[in-house]
Amino acid sequence: MGKLWLIEGLPGSGKSTFAEKICALKGGVFYSEVDAAHPVDLHEIYWVTEPPSHGTILDKIEGGWLVRYDEGEERVGTDVYELPFALHTRIMCERWRRYVTKFEQEERDVIFECALLQNPFTIGMVAQDVSLEAIETYVQEVSSILKPIEPTIVYLELNDVARIFPVVYNERPIEWQQGFVEYYTTGSYASKRNLVGVPGRLRYWQTDSDVSLHCLIGSRFVMSESKMMSVLHLKN
């Protein structure tokens, strides 16, 4: 059986670069967070409660269907990343369970980025301002599901978020800059805390980093009863 690698960290921490190097070194397969072929993540996938009349059905789950639409097709249902956090996490936990069952037949190493921590933070914390306890509970549940395949988690920590954020921000295209800041400063979390513009995004980043490490410690504890996931905490 191959090894599952979960690469995590803030934007600009080097996740994609690190993942690509692991992929080349191990002769594995790398799935980015927006990869249409991703076996777990659901980028631009819709959850539909009625039998779909069009689109590509990926899965049936939680009493509904996961559907991908081609360009120009009418989008029916709700983007999985915009579902209420409780429903979203139930869907994702079931996706992880099904993946673990199949992974036991996988011969190659498989590398994911952002699949464990980033999504619950952006969906739960940024967009919906759910409690940190709810996010931690979800991460620990996924950790329990992953226990049989003993994954390795790599968290790339930025030593100086305040210094590195402007560098990363200025390196990205204008469209990315505008969408990035708007997303992170117009959600429920930012609105309740008056996080505005680039400074607001920076404050969120610092919180994200602290809580992510806290969740990783919890994940390590969950795995410690029998088989243990490896957690590598690397600083940039």
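Residues numbered from 1 in each chain as written. Predicted model: local features only at pLDDT ≥ 70, side-chain atom pairs only at ≥ 80, totals over all residues. Heavy atoms only, no water.

## Regarding the overall build of the chain
Turning to step 1, where the next piece is worked out: When you go through the chain residue by residue, the secondary structure sums to eight helices and nine strands.
Turning to step 2, where the next piece is worked out: Taking all 236 residues of the chain together, 51% fall into the buried category.
Turning to step 3, where the next piece is worked out: At a minimum sequence separation of 6, the contacts of the chain that also span at least 24 residues come to 72%.
Turning to step 4, where the next piece is worked out: Accessible area of the chain: about 11400 Å², with a carbon and sulfur share of 50%. (Helix = DSSP H or I, 4+ residues; strand = E, 2+ residues; numbered from the N terminus. Buried < 20%, exposed > 50% of the residue type's maximum accessible area, 1.4 Å probe, protein only. Contact = heavy atoms within 4.5 Å. Areas by Shrake-Rupley, 256 points an atom, 1.4 Å probe, with all protein chains shown as cover.)

## Quick notes on the confidence of the model for the chain
Turning to step 1, where the next piece is worked out: Within the chain, residue pLDDT values average 81, and 74% of them lie at 70 or more.
Turning to step 2, where the next piece is worked out: For residues 217-229, every residue scores under 50 in pLDDT, and the model assigns this stretch 26 contacts once sequence neighbours within four places are set aside. (pLDDT = per-residue confidence, 0-100.)

## Thoughts on the sheet that holds strand S4 (residues 56-61)
Strand pairing in a sheet relies on backbone hydrogen bonds, with the paired strands running either antiparallel or parallel.
Turning to step 1, where the next piece is worked out: The four strands lie next to each other as S4-S5-S3-S6, forming an open sheet whose pairing is antiparallel. Each of the sheet's edge strands pairs with one partner strand only, and the pair in question is S4 and strand S6 (78-79).
Turning to step 2, where the next piece is worked out: Note: S4 against strand S5 (residues 64-68), five bridges, orientation antiparallel. The residue of S5 that forms the bridge with Lys60 is Trp65.
Turning to step 3, where the next piece is worked out: Helix-sheet contacts for helix H2 (residues 85-103) involve strand S3 (46-48), S4 and S5, and the interaxial angle to S4 is about 100 degrees. (Pairing = 2+ DSSP bridges. Axes fitted to C-alpha atoms, helices over the stretch in contact; angles between N-to-C directions.)

## Section: the packing of aromatic side chains
Turning to step 1, where the next piece is worked out: As enumerated under the stated definition, the model contains seven aromatic pairs in all.
Turning to step 2, where the next piece is worked out: When the ring of Tyr46 is compared with that of Tyr69, the centres are 5.5 Å apart and the planes differ by 65 degrees; the resulting orientation is edge-to-face. Of this pair, Tyr46 sits in strand S3 while Tyr69 sits in the loop between S5 and S6; the two residues are 23 residues apart in sequence, bridging distant segments of the chain.
Turning to step 3, where the next piece is worked out: Each ring, one from Trp96 and one from Phe112, has its centre 6.0 Å from the other, and the planes form 50 degrees; the classification is tilted. Of this pair, Trp96 sits in helix H2 while Phe112 sits in strand S7 (residues 110-113); the two residues are 16 residues apart in sequence, bridging distant segments of the chain. Phe112 shares its class with Trp96; the two are buried.
Turning to step 4, where the next piece is worked out: Through a chain of ring-to-ring contacts, three or more aromatic side chains come together here, namely Tyr31, Trp96, Tyr99, Phe103 and Phe112. (Phe/Tyr/Trp six-rings, centres within 6.5 Å; stacked < 30°, edge-to-face > 60°.)

## Digging into the pattern of salt bridges
Turning to step 1, where the next piece is worked out: One pass over the full model with this rule turns up seven salt bridges.
Turning to step 2, where the next piece is worked out: For the salt bridge of Glu62 with Arg90, the shortest nitrogen-to-oxygen distance reads 3.2 Å. One end of the pair, Glu62, is in the loop between S4 and S5; the other, Arg90, is in helix H2, and 28 residues separate them in sequence.
Turning to step 3, where the next piece is worked out: Residues Arg97 and Glu141 are paired through a salt bridge, measuring 3.1 Å at the closest nitrogen-oxygen approach. You can see Arg97 sitting in helix H2 and its partner Glu141 sitting in helix H4 (residues 132-146), a full 44 residues away along the chain.
Turning to step 4, where the next piece is worked out: Salt bridges sharing common partners tie together Asp59, Glu94, Arg95, Arg97, Arg98 and Glu141. (Salt bridge = Lys/Arg side-chain N within 4 Å of Asp/Glu carboxyl O.)

## Digging into unusual backbone geometry
Turning to step 1, where the next piece is worked out: Here the phi dihedral of Glu44 falls at roughly 55 degrees; this positive angle occurs in a residue that is not glycine.
Turning to step 2, where the next piece is worked out: Along the chain, Glu44 falls in the loop between strand S2 (29-31) and S3.
Turning to step 3, where the next piece is worked out: Positive phi is not limited to glycine here, since Cys114 has a value of about 70 degrees.
Turning to step 4, where the next piece is worked out: With respect to the helices and strands, the residue Cys114 is situated in the loop between S7 and helix H3 (118-127).

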